[in-house]
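# Analysis of the macromolecular model
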Amino acid sequence: MAELTLSKVEDRLDKGCNPVEVAGYGREATHKGYLTWLLNTWHWSDAKEGLKRLVKGAKWPNDSHREDAKRWIHNFPKEFWCEYERPVGGGKVDLLVQAEYGSKLPIELKTDSVARNGQLQKMSSDQENYPFGLILCLGSSAVRDDRVDKYGCFALVTLDAILDEWKDLISSMPRPGRDWIESLRHEQLRLTNAFDLTPDQREWWWDYGYRTDKHLSYALLSSVRKTLNDKHDDLGTWELYDGSYNTVLNLVHDDWSWRSVAGGNAEFYWEFNNENLFLKIHPCEDRDEQIAREWVEETKEKVREGYPGFKEGVRARKVGKERPQSISVVKWELKDDFSTAHCVADRAVDIIRQCSCFL
């Protein structure tokens, strides 16, 4: 089989070859329609095996939850169907797999958004009838860092896990199921191979199925995160999440990042906002913000003398009259380094190490 590339995906999208993407991959309603049809034993004879494998490949809070869920799904009815937008606990779930008699499995879908804790906690309130649930992460939600211990009875199933767990079941799927799987393969390629596109091609991101420029940014920073965590793990762990206006890749470590400065009045940290690397501080509550701002000015001067090439400017983000959530000390525009994930990672690590003597 010929290797799938983003150029081939572009050609398929242009020709309208895949009905899932014609209907709109980014619309959760599209996935509801296909999965409602597919998770029905009268349409797909291996539907139960498919459910068992999703439970196996899910990210559960701990091994005990996983084993309990595997035993439960093993005893699931042999014949079932799927409906959408059904009440579960104190909320409404995207999909509900159910049988005439027996257990029911709620499934929530996420493409480019993450699960809201309150929403899932409400749907987890009826443990007797709905002991377990799944969240299928089908878009940029699949590459964000998410903590599953906050989601009640629900566990995360990433796009990669779906493709891996179902790879030898695809031949038994009816045509709509195979179309849906192909659309997931296209999305997987978008999320993992964004650096295959030249900077000029990235300007036309919609041609390759990226839904927004933030979707593309998630894909690029996801590859950068992998390189940083694999190659430069001594710095700590980088986490990828949504910062409302930006895609954020934050360094989580109490030595190289999130360390107390300015006499204990603030903490400094490193993070990417899209293609820019920032050194920022977070003023501590009930401490002197003015001292923190003085530290910012002193640090900018030190960096100016010892490590040129940054952009100046202090930006305080406030909500109403509240204290600033963060203050940008300096930033480096790394757009020219975004040729490969390794190039971005090496440049960022060099900046962080060089600047460590100023912090």
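Nothing here was measured: the structure is a model prediction, and the numbers come from that model. (Residues numbered from 1 in each chain as written. Predicted model: local features only at pLDDT ≥ 70, side-chain atom pairs only at ≥ 80, totals over all residues. Heavy atoms only, no water.)

### A look at the overall build of the protein
Per the secondary structure count, the protein includes 12 helices and 11 strands. The C-alpha extent of the protein, read off along each of the three principal axes, is 70 × 45 × 35 Å. The buried share of the protein, taken over its 359 residues, is 50%. Within the protein, residue pairs in contact and separated by at least 24 positions form 60% of the contacts whose partners lie at least 6 positions apart. When the accessible area of the protein is evaluated, it comes to approximately 17100 Å², of which 46% is carbon and sulfur surface. (Helix = DSSP H or I, 4+ residues; strand = E, 2+ residues; numbered from the N terminus. Buried < 20%, exposed > 50% of the residue type's maximum accessible area, 1.4 Å probe, protein only. Contact = heavy atoms within 4.5 Å. Areas by Shrake-Rupley, 256 points an atom, 1.4 Å probe, with all protein chains shown as cover.)

### Details of the side chain of Glu 187
For Glu 187, the location among the structural elements is in helix α8 (residues 175–192). Residue Glu 187 is classed as buried on the basis of its relative accessible area of 0%. One polar contact links Glu 187 to His 215, side chain to side chain, over a distance of 3.0 Å. The residues touching Glu 187, leaving out its near neighbours within four places in the chain, are Tyr 25, Leu 138, Gly 139, Ser 140, Leu 159, Arg 211 and His 215. (Polar contact = N/O pair within 3.5 Å; in protein donor to acceptor, adjacent residues only side chain to side chain.)

### Remarks on the nonpolar core
Residues Trp 166, Trp 180, Val 224, Trp 270 and Phe 272 are the most contacted members of the largest nonpolar core, which totals 109 residues. For this core, the element with the most residues is helix α12 (residues 341–355), which contributes 8 residues. Leaving out residues up to four positions away in the same chain, Phe 272 has contacts with Leu 221, Val 224, Leu 228, Trp 238, Thr 247, Val 248, Leu 249, Leu 277, Leu 334, Val 344 and Ala 348. (Core = buried A, V, L, I, M, F, W, Y, C linked by side-chain atoms within 4.5 Å.)

### Here's the deal with the packing of aromatic side chains
Each aromatic ring pair is summarised here by two numbers: the centre-to-centre distance and the angle between the ring planes. Within the structure shown, the criterion is met by 12 aromatic pairs. Look at Trp 72 and Phe 76: their rings are 5.5 Å apart centre to centre, the planes differ by 65 degrees, and that puts the pair in the edge-to-face class. Judged by centre distance (6.1 Å) and plane angle (55 degrees), the rings of Trp 166 and Trp 180 are tilted. With Trp 166 in helix α7 (residues 159–166) and Trp 180 in helix α8, the pair connects residues that are 14 residues apart, well separated along the chain. In this structure Trp 166 comes out as buried when scored by relative accessible area, which is 1%. (Phe/Tyr/Trp six-rings, centres within 6.5 Å; stacked < 30°, edge-to-face > 60°.)

### Some thoughts on the pairing of strand β6 (residues 237–242)
Note: β6 against strand β7 (residues 247–252), 6 bridges, orientation antiparallel. Across the sheet, residue Trp 238 finds its bridge partner in β7, namely Leu 251. The loop that links β6 with its antiparallel partner β7 comprises 4 residues; one of these, Ser 244, has a positive phi angle of about 70 degrees. (Pairing = 2+ DSSP bridges.)

### A few points about unusual backbone geometry
Positive phi values are uncommon outside glycine, yet Trp 258 reaches one of about 60 degrees. The backbone of Asn 274 shows a phi angle near 55 degrees, a positive value even though the residue is not glycine. Along the chain, Asn 274 turns up in the loop between β9 (266–273) and β10 (276–283).

### Regarding the environment of Leu 249
Mapped onto the elements, Leu 249 comes out in strand β7. With residues near it in sequence (within four places) discarded, Leu 249 still touches Leu 221, Val 224, Arg 225, Leu 228, Trp 238, Glu 239, Leu 240, Trp 270, Glu 271 and Phe 272.

### A short note on the packing of helix α10 (residues 213–231) against α12
At a closest axis distance of 8 Å, the pairing of α10 and α12 adopts a crossing angle of 60 degrees. Here α10 lies oblique to α12, going by the angle between them. For the crossing formed where α10 meets α12, the hand is right-handed. Packed against α10, whose contacting residues are Ser 223, Val 224, Thr 227, Leu 228 and Lys 231, the element α12 presents Ala 341, His 342, Val 344, Ala 345, Asp 346 and Val 349 at the interface. (Axes fitted to C-alpha atoms, helices over the stretch in contact; angles between N-to-C directions. Parallel < 35°, antiparallel > 145°, perpendicular 65-115°, else oblique. Left-handed = near helix turned anticlockwise from the far one by under 90°.)

### A word on the sheet that holds strand β2 (residues 91–98)
Spatially, β1-β2-β3-β4-β5 is the arrangement adopted by the 5 strands of the open sheet, whose pairing is mixed. Each end of this open sheet is capped by a strand with a single partner; those strands are β1 (81–88) and β5 (154–158). With strand direction ignored, the average angle separating the axes of adjacent strands in the sheet is 35 degrees. Pairing of β1 with β2, which is carried by 7 bridges, proceeds in the antiparallel orientation. Residue pairing for β2: Val 88 is matched across the bridge by Gly 91.

### As for the pattern of salt bridges
A side chain with one charge can pair with a side chain of the opposite charge if their charged atoms come near. Following the criterion strictly, the structure yields 29 salt bridges and no others. Glu 49 is paired through a salt bridge with Lys 52; the nearest N and O atoms lie 3.8 Å apart. Pair noted here: Glu 49 and Lys 52 are both in helix α4 (residues 47–57), with a separation of 3 residues, about one helical turn. By relative accessible area, Glu 49 is classed as partly exposed at 28%. (Salt bridge = Lys/Arg side-chain N within 4 Å of Asp/Glu carboxyl O.)

### Here's the deal with the side chain of Thr 227
In this structure, Thr 227 sits in helix α10. If sequence neighbours within four positions are ignored, Thr 227 has contacts with His 232, Ala 341, His 342 and Ala 345.

### Quick word on the confidence of the model for the protein
Of the residues in the protein, 94% reach a pLDDT of 70 or more, and the chain-wide mean stands at 90. In the predicted structure, residues 313–321 sits below a pLDDT of 50 and forms 27 contacts with residues beyond four places in sequence or in another chain. (pLDDT = per-residue confidence, 0-100.)

### Things to note about the packing of helix α1 (residues 6–15) against α8
Packing of α1 against α8 leaves a shortest axis separation of 10 Å and a crossing angle of 135 degrees. When the axes of α1 and α8 are compared, the pair comes out oblique. Read as a crossing pair, α1 and α8 show a hand that is left-handed. The residues of α8 that touch α1, namely those facing Leu 6, Val 9, Arg 12 and Leu 13, are Glu 182, His 186, Leu 189 and Arg 190. Looking at the contact of α1 with α8, its residues break down into 4 nonpolar, 1 polar and 3 charged. (Nonpolar A, V, L, I, M, F, W, Y, C, P; charged D, E, K, R; others polar.)

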